[in-house]
Amino acid sequence: MKVVLQNLTKIFPSRNKKAGGEVVAVNDFTFEIPDGKLVGLLGPSGCGKSTTLYMISGLQKPTGGKIFFGEDDVTELSAENRGVGLVFQNYALYPHMTVKQNILFPLENLRGEDRLTKEEMLERAIYAAKLVQIDDLMERKPSELSGGQQQRVAIARALVKMPRVLLLDEPLSNLDARLRLQTREEIRRIQKETGITTIFVTHDQEEAMSISDMIVVMKLGVVQQIGKPQEVYDNPTNLFVAKFLGTPPINVFDGEVKDGKLYIGGAAVLDVPGADDQEVVVGIRPEGFVLDENGPLVCNLKNVEVMGRDVSIVSGHDSSLSPIVRSIIDADNKVAVGTETVSFTLKSHKVFIFNKETEERIYFEV
Ligand code: ADP
Ligand code: MG
């Protein structure tokens, strides 16, 4: 089921009554989520991810715009009638019910033509439990489960009605690092197996990048960029997106474009044909540095961290906008011990330049 958002907008009155004003939580969001895909909705806390999700679910009414499931306009449809499965960060299971009863619960409330027989309900519950691999825990109470298992029950409960759309709001935040990794792979597998169009909300860029067919990056209610994870990483449209994606993060410098060359701290570090003369912010991905003793970008060496396959060089530079510059190079390259500086040339497709005021990308011929 494709999901279409058309100029979707949500304005809240300010929570601070004295200060007045209003909060534009989601601002004119237009996007068509293709059928059967997993879309990661990504951005820092407060950027409008949950509000978007709740509008799609029907729990919140948009101030403006429309929502379609397939060709159906569902904007005015109640949450119960939209056929969505919703999973929250805190699993919110019924503590006095067993796993089985928790999963069965949404089915027991079906009325009219949707009503199922006891056998059908049980069959569906077992199917959902098997999908998330908790079918051997059916008689336990939530308190007898680990966090990861509880979240699986919550996912099974969302799947049991065979929703048209699955909505997940930071479903992994309450899990420890290892479980988070494992559960995100599980969610991806389940999504692929069922083919349910899924929207996955997270503030964790790595999480979104690793499991999404497409990501949507938001900031202050406004969509910044939409695309395949790798495309957005390789081609950020502005400084915010460039900084938000990537671990370790992109390195940023003050710079200047003059006569088709990019300067950092007086040194011409790269040819940037086609870019106009101006002061810029330069973003260099950690993998964009090449060790070269005659390279134009000279940094003060602080530390070399060997990480098996790669070497991470930690250095500093006067024009760097953060205290350290982190570059990642192949472990075959040796950094001379005892040196005080380290010099680099740059891979031009890993260097992005941005207008200093607007922070929008300035394109040059690579
Ligand atoms: P996210 O999920 O990305 O952290 P939210 O969608 O929860 O962000 O919130 C977006 C913005 O809307 C925030 O500024 C938040 O304070 C505001 N907001 C969310 N819900 C309400 C509400 N019920 N009343 C007033 N403001 C709200
Ligand atoms: Mg949220």
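The text that follows walks through the structure, step by step, so that each part is easy to find.

Calculation rules
- Residues numbered from 1 in each chain as written.
- Chains lettered and ligands numbered in written order.
- Predicted model: local features only at pLDDT ≥ 70, side-chain atom pairs only at ≥ 80, totals over all residues.
- Heavy atoms only, no water.
- Near = heavy atom within 4 Å.
- Polar contact = N/O pair within 3.5 Å; in protein donor to acceptor, adjacent residues only side chain to side chain.
- Areas by Shrake-Rupley, 256 points an atom, 1.4 Å probe, with all protein chains shown as cover.
- Axes fitted to C-alpha atoms, helices over the stretch in contact; angles between N-to-C directions.
- Helix = DSSP H or I, 4+ residues; strand = E, 2+ residues; numbered from the N terminus.
- Parallel < 35°, antiparallel > 145°, perpendicular 65-115°, else oblique.
- Left-handed = near helix turned anticlockwise from the far one by under 90°.
- Contact = heavy atoms within 4.5 Å.
- Nonpolar A, V, L, I, M, F, W, Y, C, P; charged D, E, K, R; others polar.
- Phe/Tyr/Trp six-rings, centres within 6.5 Å; stacked < 30°, edge-to-face > 60°.
- Buried < 20%, exposed > 50% of the residue type's maximum accessible area, 1.4 Å probe, protein only.
- Lys NZ or Arg CZ within 6 Å of the ring centre and 35° of its normal.
- Expected span 1.5 Å × (residues − 1).
- Pairing = 2+ DSSP bridges.

Here we come to the site of ligand 1. Close contacts around ligand 1 come from 13 residues, with Gly-46, Gly-48, Lys-49, Ser-50 and Thr-51 the closest. Within the contact set of ligand 1, an oxygen atom lies 3.2 Å away from a backbone nitrogen or oxygen of Cys-47. Ser-50 places a side-chain nitrogen or oxygen 2.8 Å from an oxygen atom of ligand 1. About the coverage of ligand 1: the protein hides 72% of its 560 Å² of free accessible area.

The next point concerns the packing of helix α2 (residues 99-108) against helix α4 (residues 147-159). Put simply, α2 and α4 touch, their axes get as near as 7 Å, and they point 30 degrees apart. With respect to each other, α2 and α4 are oriented roughly parallel. The way α2 lies across α4 gives a crossing that is right-handed. Residue-level contacts link Val-99, Asn-102, Ile-103 and Pro-106 of α2 to Val-153, Ala-156 and Arg-157 of α4. Taken together, the residues of the contact of α2 with α4 break down into five nonpolar, one polar and one charged.

According to the stated counting rule, one finds four aromatic pairs in the structure shown. Plain terms: the ring middles of Phe-289 and Phe-344 are 5.0 Å apart, the flat faces sit at 70 degrees to each other, and that makes the pair edge-to-face. Residue Phe-289 is found in strand β15 (residues 289-291), and its partner Phe-344 is found in strand β19 (residues 341-346); the two are separated by 55 residues along the sequence. For Phe-289, a relative accessible area of 2% gives the class buried. Above the plane of the ring of Tyr-233 lies Arg-285, whose end atom (NZ or CZ) is 3.9 Å from the centre.

Let's shift gears to α2. Val-99, Asn-102, Ile-103, Leu-104, Pro-106 and Leu-107 are the residues of α2 that are buried. Here the buried face of α2 lies against α3 (118-131) and α4.

Moving on, we get to helix α5 (residues 177-194). Relative to the 26 Å expected for 18 residues at 1.5 Å per residue, α5 spans 26 Å between its end C-alpha atoms, a close match to the ideal helical length. Among the residues making up α5, those that are buried are Leu-179, Thr-183, Arg-184, Glu-186, Ile-187, Arg-188, Ile-190 and Gln-191. If you follow the buried residues of α5, they end up packed against β3 (38-42), α3, α4, β7 (165-169), β8 (197-202) and α6 (205-211). Downstream of α5 by a residue or two, Gly-195 has a phi angle that is positive, lying close to 70 degrees.

Strand order in the open sheet formed by six strands is β13-β12-β11-β14-β20-β21, with antiparallel pairing between adjacent strands. The open sheet has two free edges, formed respectively by β13 (267-271) and β21 (361-362), since each of these has just one partner strand. Bridge analysis of strand β20 (residues 351-355) against β21 gives two bridges, and the strand direction is antiparallel. Bridge pairing in β21 links Phe-354 to Arg-361.

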